[in-house]
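So you can see what is in the structure, the chains are spelled out below.
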Amino acid sequence: MEPIPLAVTPHTDEAFLREVDEELRRDQMADVWTRYGRLIVGAIIGGLAVFAAILGWRYWTHSHAEGEAVKLQSAYDAIGANKPDQAAPILADLDSSGGPGYRAIARMLEGNQLLQAGKAKEAAAKFAAVAGDDAVGKPYRDLALIRQTTIEFDTLAPQTVIDRLQPLAGKGSAYLGSAGELVAISYLKQGKPNAARDLFKEIAEGEDVPDTIRQRAVQMVDAIDVGATDLKGK
């Protein structure tokens, strides 16, 4: 009698080893989950919380910036309508609690308003606050320093003006005209006409210098040259 074939083919060694390997992996995964399941779930929840916090912060920052922009525009509108009393509390709010950029603009607008009211010392202090605020961008700080120095110019020693503004009065500087003019006048006050003439000449030749400042610089170069000729004639 022929042997009856079995319904299931016996496992080969390769298939048996594969099943053992898969079973071992399942046991290992179960063991990992038993030991570290809570930590894994905690890490996932923590990651989601961080992600949610980042989204929330971005939303708050965007909304806050929009609110500050609206306030600043309201202040501009009030100033444009010649209603400084309406602008004052808005600017004061941005001055005390606004972001660095809005704070700087608010302080400089406050400085302009104080200057128009004849309060030069208080106005200079507002610009000085911007110039000394490291959280504010350098263009704001440089502009504020020039405005502060312009207001205080008649009360400052010439060397103080030179020390403050000489870094902004170099060739290629965006503030060559305004800063350079003050430095050149300070050279004249120190009795240094040659240094003043050289700087005025540089300002006159500056392509990005406003026309009014360039014209004044040309006139100053001519005046210094005439003065030098008169001295030689004597």
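Throughout this document, residue positions are counted from 1 along each chain, in the order its sequence is written. For this predicted model, a pLDDT threshold of at least 70 governs which residues receive local features, and a threshold of 80 or more governs which side-chain atom pairs are given and counted, while totals over whole chains, interfaces and linings are taken from all residues. The basis for every side-chain value is the complete set of heavy atoms in the structure, and neither hydrogens nor water enter the calculation.

Caption draft 1: Region of interest: the overall build of the chain. Tallying secondary structure elements over the chain gives nine helices and zero strands in all. Buried residues are those whose accessible area, probed at 1.4 Å on protein chains only, stays under 20% of the maximum for their type, while exposed residues exceed 50% and partly exposed ones sit between those limits. Counting only residues that meet the buried cut, the chain has 27% of its 234 residues in that class. Here a residue-residue contact requires only that any non-hydrogen atoms of the pair lie within 4.5 Å. Put simply, of all contacts in the chain between residues at least 6 apart along the chain, 43% involve residues at least 24 apart. When the accessible area of the chain is evaluated, it comes to approximately 15800 Å², of which 59% is carbon and sulfur surface. Secondary structure elements are taken from DSSP: a helix is a run of H or I of four residues or more, a strand is a run of E of two residues or more, and numbering for both begins at the N terminus. Each accessible area is a Shrake-Rupley estimate made with a 1.4 Å probe; only the visible protein chains count as cover when residues are assessed.

Caption draft 2: Just helix H6 (residues 158-165), in detail. Inspection of H6 places Val161, Ile162 and Leu165 among the buried residues, and these make up the whole buried set. An end-on view of H6 places all buried positions within 100° of arc, on one side of the element. Next to the buried residues of H6 lie helix H5 (138-152) and helix H7 (176-189). As used here, the arc is the angular range of directions from the helix axis to the C-beta atoms.

Caption draft 3: The packing of helix H3 (residues 100-116) against H5, seen in detail. Between H3 and H5, whose axes approach to 11 Å, the crossing angle comes to 15°. With respect to H5, the element H3 is oriented roughly parallel. With respect to the hand of their crossing, H3 and H5 are arranged in left-handed fashion. Only Tyr140, Leu143, Ala144, Arg147 and Ile151 of H5 make contact with H3, whose side of the interface consists of Gly101, Ala104, Ile105, Met108, Asn112 and Leu115. Each axis is a line fitted through C-alpha atoms, and for a helix only the stretch in contact is used; angles between axes span 0 to 180 degrees, taken between their N-to-C directions. In this scheme, roughly parallel covers angles under 35 degrees and roughly antiparallel covers those over 145, while 65 to 115 is roughly perpendicular and the rest are oblique. Two helices cross in a left-handed way if the nearer one is turned anticlockwise from the farther one by less than a right angle. They cross in a right-handed way if the turn is clockwise.

Caption draft 4: Here's a closer look at the side chain of aspartate 95. Along the chain, aspartate 95 falls in helix H2 (residues 84-97). Once residues within four sequence positions are removed from consideration, aspartate 95 is found in contact with Arg103, Ala106, Arg107, Glu110 and Lys126.

Caption draft 5: Representation of the pattern of salt bridges within the structure. For this document, the term salt bridge refers to a Lys or Arg side-chain nitrogen within 4 Å of an Asp or Glu carboxyl oxygen. Scanning all chains against the criterion turns up 12 salt bridges. One salt bridge in this structure joins arginine 103 and aspartate 133, with 2.8 Å as the shortest N-O distance. With arginine 103 in helix H3 and aspartate 133 in the loop between helix H4 (120-131) and H5, the pair connects residues that are 30 residues apart, well separated along the chain. Each member of the pair, arginine 103 as well as aspartate 133, is classed as buried.

Caption draft 6: Region of the structure containing the nonpolar core. Side-chain atoms within 4.5 Å are what join buried Ala, Val, Leu, Ile, Met, Phe, Trp, Tyr and Cys residues into a set we call a nonpolar core. Membership of the largest hydrophobic core comes to 26 residues, with the highest contact counts inside it found for Leu165, Ala179, Val183, Leu199, Phe200 and Ile203. Those elements that place two or more of their residues in this core are H5, H6, H7, helix H8 (193-204) and helix H9 (211-233). Discounting chain neighbours no more than four positions away, the residues touching isoleucine 203 are Leu176, Gly177, Gly180, Glu181, Val209, Ile213, Arg214 and Ala217.

Caption draft 7: Structural detail: the environment of proline 210. Here proline 210 lies in the loop between H8 and H9. Note on proline 210: relative accessible area 45%, which makes it partly exposed. The sequence separation of proline 210 and leucine 176 amounts to 34 residues, and the corresponding C-alpha distance is 9.8 Å.

Caption draft 8: Layout of the side chain of arginine 103. Look at arginine 103 and you get buried, because its relative accessible area is 15%. For arginine 103, the side chain forms a polar contact with the side chain of aspartate 133, separated by 2.8 Å. The definition of a polar contact used here is a pair of N or O atoms within 3.5 Å, where within protein one atom must be able to donate a hydrogen and the other to accept one, and adjacent residues in sequence count solely through side-chain atom pairs.

Caption draft 9: Examining unusual backbone geometry more closely. The phi torsion at asparagine 82 lies on the positive side, around 60°, for a residue other than glycine. Tracing the backbone through its elements, the reader meets asparagine 82 in the loop between helix H1 (13-80) and H2.

Caption draft 10: Quick look at the confidence of the model for the chain. The predictor rates its confidence in each residue with pLDDT, a number between 0 and 100. On average, the chain scores 79 in pLDDT, and the residues at 70 or more come to 68%. At the level of individual helices and strands, the chain shows its lowest average pLDDT in H1, which scores 59, and its highest in H6, which scores 96. Predicted confidence for residues 4-11 stays below pLDDT 50, and this span has two contacts to residues more than four positions away or in other chains.

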